[in-house]
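Structural features, examined
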Amino acid sequence: MTQTQIEQNHANNLKGRDFIELDDFTPDEIQYLIDLAIEIKHKQKSGEVYQPLKGKTIGLIFEKSSTRTRVSFEVGAFQLGAHALFLSKNDIQLGRGEIISDTAQVLSRYLDGMMIRTFGHENVIDLARYATVPVINGLSDLAHPCQVLADYQTVYEHKGKLKGLKLAYIGDGNNMAHSLMIGGAKLGVHVSVATPEGYEPDASVVKECLEIARETGSQIVVTRSPQEAVKDADVIYTDVWASMGFEEEQKIREAAFKDYQVDEQLVQGAKSDYLFMHCLPAHRGEEVSEGVIDGSNSVIFDQAENRLHAQKALMAALMG
């Protein structure tokens, strides 16, 4: 089978599917999406018009507000020739108690695809279960696969490979940690997660990642020690200590995470050409020092830009 035939096979396999978490996709399918995102990015940069979704519509359901998710999906849909509808929980009947199954079935009659950014992961599962068009998980409390697809695209662009690299994640064992581990396990990236006691990643997610890693040769480590995690790392990643929905725990978390700031001393344990990454928004002086996030190793704005290109690849592949 030629490379073109392989790519066409992946394209055929992706059409019409949901994007709930990266564990639903093979390593080759994830790499195909990354390659497609880079190809679409090059088209955009060169001024080439690429509109495989001309005349189609996608509904963007937001129970959680967002800068990057909303703008990248709306702009991305427009650039692909589609029309995006912003649907806050107050704009549709979900905000007044309509069950998700009814919303999913009604919206499927109008739309060619949906994205939902929500709190409970079951909301994403239920929307996808009852919808008859592709559903994309824009974020849930359990997973953030759109961000991680853009993240690994960014690493691939800077490092020229993914398999065998080491990514250290320092901070809360939240949805970002989960999706980074799953994506890393799928792609052969070694992922070390350092969290304080009581803030570890979900045990079932860790177990799943270890099972995937046995097939791909990835190494998944969860530790208390930031120093152990960053040792010889190619990538250092962190997130805010109190994610949206946990703001009332800010002071408690500041005390729990005080030894988990990514600063100039900690990053000395990584490789000299390490990449610093953050999904944003960032709190300088808390989870990361200004010197690190604004330093020469930081690629945070490349990450943010790649949300646009990675999500365009997703929409094109699933809805095209």
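Note that the coordinates shown come from a computational prediction; the quantities given were computed from them, not determined experimentally. (Residues numbered from 1 in each chain as written. Predicted model: local features only at pLDDT ≥ 70, side-chain atom pairs only at ≥ 80, totals over all residues. Heavy atoms only, no water.)

The end-to-end C-alpha distance of helix H6 (residues 145-159) is 21 Å, a good match for the 21 Å that 15 residues give at a rise of 1.5 Å each. Phi turns positive, to about 80°, at Gly160, one or two residues after H6. (Helix = DSSP H or I, 4+ residues; strand = E, 2+ residues; numbered from the N terminus. Expected span 1.5 Å × (residues − 1).)

This next bit is on the sheet that holds strand E5 (residues 166-170). Reading across the sheet, the five strands line up as E7-E6-E5-E8-E9 and stay open at both edges, with parallel pairing between neighbours. The open sheet has two free edges, formed respectively by strand E7 (220-223) and strand E9 (275-278), since each of these has just one partner strand. Ignoring strand direction, the axes of neighbouring strands in this sheet form an average angle of 20°. Sheet topology note: the strand E6 (residues 190-194)/E7 ladder contains four bridges and is parallel. Paired with Val193 across the bridge in E7 is Val222. Strands E5, E6, strand E8 (235-238) and E9 of the sheet are contacted by H6, whose axis makes an angle of about 165° with E9. Sheet strands touched by helix H12 (residues 300-319): E8 and E9. Its angle to E9, the strand with the most contacts, is close to 50°. (Pairing = 2+ DSSP bridges. Axes fitted to C-alpha atoms, helices over the stretch in contact; angles between N-to-C directions. Contact = heavy atoms within 4.5 Å.)

Applying the stated rule across the entire model yields 17 salt bridges. Across the salt bridge formed by Asp141 and Lys64, the nearest N and O atoms sit 3.3 Å from each other. In this pair, Asp141 sits in the loop between strand E4 (135-139) and H6 while Lys64 sits in the loop between strand E1 (57-62) and helix H3 (68-79), placing the two residues 77 residues apart along the sequence. Given the relative accessible area of 38%, Asp141 is considered partly exposed. For Lys64, a relative accessible area of 5% gives the class buried. Among the ionic pairs, Glu254 bridges to Lys251, the shortest N-O distance being 3.9 Å. A residue pair is termed a helical-turn pair when its members lie 3 or 4 positions apart in one helix, as Glu254 and Lys251 do in helix H10 (residues 250-256) at three residues. (Salt bridge = Lys/Arg side-chain N within 4 Å of Asp/Glu carboxyl O. Buried < 20%, exposed > 50% of the residue type's maximum accessible area, 1.4 Å probe, protein only.)

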